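# Geometric and topological summary
Residue-level listing of the chains:
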Amino acid sequence: MGRVLGLVWEKRPRVWGLLVCAVVGAFVAGESPSSRISSPQRRSASSESEIILAGEHAVVHGSAAVAAAIDLYTRCSLRLLPLADDEAGAAVLELDLRDPGLTFSWPCAQLREALLTEEVAGAQEARPCSPDRLASIARLLEEHEIPEAKVWLSAGLSAFLFLYTSILGCRPGKVTVSSDLPMGSGLGSSAAFCVSMSGALLTAAGMVAAVDGISSKGTGWELVGKDDLELVNQWAFQGEKIIHGKPSGIDNTVSTFGSMIKFKKGELTNLKSRNPIKMLITDTRVGRNKKALVAVNSISEEVSSLVELAANDEIAITSKEEKLAELMEMNQGLLQCMGVSHSSIETVLRTTLKFNLVSKLTGAEGGGCVLTLIPTLLEKVIAELESQSFRCFIVEVGGQGFQVCQGGCSCFNGDVV
Ligand SMILES: Nc1ncnc2c1ncn2[C@@H]1O[C@H](COP(=O)(O)OP(=O)(O)O)[C@@H](O)[C@H]1O
Ligand SMILES: C[C@@](O)(CCOP(=O)(O)O)CC(=O)O
Ligand SMILES: [Mg+2]
């Protein structure tokens, strides 16, 4: 895969972002369940994936962790369908998941009966999914034949049904999701899924809007304000809880706000990285298994101080890189002690070490992706890793976070919506 660019721990303007894509079409007719759902448009929202530079697992137990957005995106597009269908009993909610290549459909009447008994949709405040509601969602999913090999999707489907019905009620609509990143590989695909989904839904609900005139690098995607991003983040966290159980919230936070952050006990500190740093991401292509989480230490605190340290000449930059490499090695050692590494990760570590490069796993455990600190261009390493059937991404660290598009955005495999 000829992947994305290199770099960066760079200074970026702290503009918060959201892109919604509005395509003209014959959509909403009649009264909406929420009076704020006003515009008959398609909404698309895009959010970034992320890497954890230090502190995964420990962050769940209250330690600090450092994470950065990378420029691999998940996009969610929502088209509200005519309410007239609903009155005729023919309305459906459709979900098209492009990556696993599966589509799902639920009659709105069935959703209404199964899910909206206990609470009314309303998006102003994120609410957790109650155990009863989760059980009702699970019963709805049982009726769908999810292929055995893709059964891991069901957590994402539950999060989808929860977010959609909580934010938009049981109104008819079609949602499409597509992503650049591997799922279940430590790059926070679940968070990117929940953030882009929440953003598209909240935009359609009229709760989140693009900031006029602020677009992202001339792409047609537009940014949204900080308060709106907070709301997107809160809903996305509720979705992550369905997928993960007890997430720390670091993944959805960095996916929403972008850039590079230190995250501790739900609190976010923006890190202003002073020097560009390249990371290579290697996907071991080994599916992960989830195990127990264990606390780690203060490596993350050191990493976050280090990235903010200005290095002005080559010697200082090199010594900064060496220190970062040392911290990554220590963190990987601890992760290995916790038993959350994998033989494929060790193979990547040995391969990169042959070139004097330091690596660590990122995200959860037992497979997934590995980060390698890149001091110089390393096509040779990439070629060797790819010759062993690994998949490599070189990514831009510290990106823009969640974005929406008001039309003319390239969304699904280059389709402009
Ligand atoms: N593009 C996508 N399409 C459908 N489901 C997705 C997508 N991205 C993420 N998911 C959901 O998120 C889950 C992966 O999350 P997780 O195991 O936390 O791995 P990670 O967040 O490290 O990628 C998938 O099993 C699926 O339910
Ligand atoms: C392992 C953990 O630190 C990161 C999440 O892992 P992943 O990106 O979903 O693979 C868990 C968490 O912080 O919630
Ligand atoms: Mg995840």
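Naming follows an unreviewed UniProt entry, where the chain appears as Mevalonate kinase of Oryza rufipogon. Check the Subcellular location (unreviewed entry) section of the UniProt entry for the chain; it says "Cytoplasm".

### Topic: the domain arrangement of the chain
Accessible area lost when the parts come together is the quantity often used to give the size of an interface. Split into domains, the chain comes out as domain 1 (42-262 + 398-410) and domain 2 (272-395). Residue-level contacts link 26 residues of domain 1 with 34 residues of domain 2. Counting each side, the surface lost to burial between domain 1 and domain 2 is near 2,300 Å², with a carbon and sulfur contribution of 65%. Its largest share of buried area at the contact with domain 2, domain 1 owes to Leu53, Glu56 and His57, together 25% of the area lost on that side. Our count for the contact surface shared by domain 1 and domain 2 stands at 2 salt bridges. Here Glu56 ties to Lys360 by a salt bridge, and the two come within 2.8 Å at their closest N and O atoms. At the boundary of domain 1 with domain 2, the tally comes to 9 residue pairs in polar contact (both at pLDDT 80 or more).

### A word on the coordination of the magnesium ion (ligand 3)
Within the protein, the magnesium ion (ligand 3) binds to Ser190 (OG) and His244 (NE2); these donor distances fall in the range 2.1 to 2.3 Å. Of the two residues, Ser190 is situated in helix α5 (residues 189-204) and His244 in helix α6 (residues 226-244); the sequence distance between them amounts to 54 residues.

### Observations regarding the environment of Gly55
By the element assignment, Gly55 lies in the loop between β1 (42-54) and β2 (65-80). Residue classification places Gly55 among the buried residues on the basis of a relative accessible area of 4%. With 209 residues separating them in the primary sequence, Gly55 and Lys264 have C-alpha atoms 9.8 Å apart. Leaving out residues up to four positions away in the same chain, Gly55 has contacts with Ala64, Ala65, Ser300 and Asn331.

### Side note on the state of the cysteines
Tallied over the full model, the rule gives 0 disulfides. Of all cysteine sulfurs, the one in Cys76 lies closest to Cys194, which takes part in no disulfide; the gap is 10 Å. By relative accessible area, which is 0% here, Cys194 ends up buried. Counting only cysteine sulfurs, Cys392 is the nearest neighbor of Cys369, a cysteine outside any disulfide, at a range of 9.7 Å.

### As for the pattern of salt bridges
All told, the structure shown has 10 salt bridges when counted by the stated rule. Across the pair Asp180 and Arg75 runs a salt bridge whose closest N-O atoms are separated by 3.3 Å. Of the two residues, Asp180 is situated in the loop between β5 (173-179) and α5 and Arg75 in strand β2; the sequence distance between them amounts to 105 residues. Among the salt bridges present, the one from Glu326 reaches Lys323, with a minimum N-O distance of 3.6 Å. Here the residue Glu326 and the residue Lys323 both occupy positions in helix α9 (residues 314-337), the gap between them amounting to 3 residues, near one helical turn. In this structure Glu326 comes out as partly exposed when scored by relative accessible area, which is 40%. In this structure, a network of salt bridges that share partners links the residues Lys262, Lys264 and Glu301.

### Quick word on unusual backbone geometry
Of note, Lys265 is a non-glycine position whose phi angle comes to about 45°, a positive value. Relative to the helices and strands, Lys265 resides in the loop between β8 (260-264) and β9 (267-270). Phi at Ser389 is positive, roughly 75°, even though this residue is not glycine. For Ser389, the position within the fold is in the loop between α11 (379-387) and β13 (391-395).

### Focus: the site of ligand 1
Lining the immediate environment of ligand 1, one finds 19 residues, of which Asp99, Gly184, Gly186, Ser189 and His244 sit closest. Here an oxygen atom of ligand 1 sits 3.1 Å away from a polar atom, N or O, in the main chain of Gly156. One of the side-chain nitrogen or oxygen atoms of His244 is found 2.7 Å away from an oxygen atom of ligand 1. Breaking the shell around ligand 1 down by element, the ones donating at least two residues are α4 (153-168), β5 and α5. Per element, the largest residue contribution to the shell around ligand 1 is 3 residues, and it comes from α5. Each residue belonging to the shell around ligand 1 can be placed in one class, and the counts come to 7 nonpolar, 9 polar and 3 charged.

Calculation rules
- Residues numbered from 1 in each chain as written.
- Chains lettered and ligands numbered in written order.
- Predicted model: local features only at pLDDT ≥ 70, side-chain atom pairs only at ≥ 80, totals over all residues.
- Heavy atoms only, no water.
- UniProt positions renumbered as here; feature names shortened; annotations may be inferred.
- Domains from an automatic or database assignment.
- Contact = heavy atoms within 4.5 Å.
- Buried area = accessible area lost by both parts, 1.4 Å probe.
- Salt bridge = Lys/Arg side-chain N within 4 Å of Asp/Glu carboxyl O.
- Polar contact = N/O pair within 3.5 Å; in protein donor to acceptor, adjacent residues only side chain to side chain.
- Donors = N, O, S within 2.8 Å, 3.2 Å for Na, K, Ca; no water.
- Helix = DSSP H or I, 4+ residues; strand = E, 2+ residues; numbered from the N terminus.
- Buried < 20%, exposed > 50% of the residue type's maximum accessible area, 1.4 Å probe, protein only.
- Disulfide = S-S within 2.5 Å.
- Near = heavy atom within 4 Å.
- Nonpolar A, V, L, I, M, F, W, Y, C, P; charged D, E, K, R; others polar.

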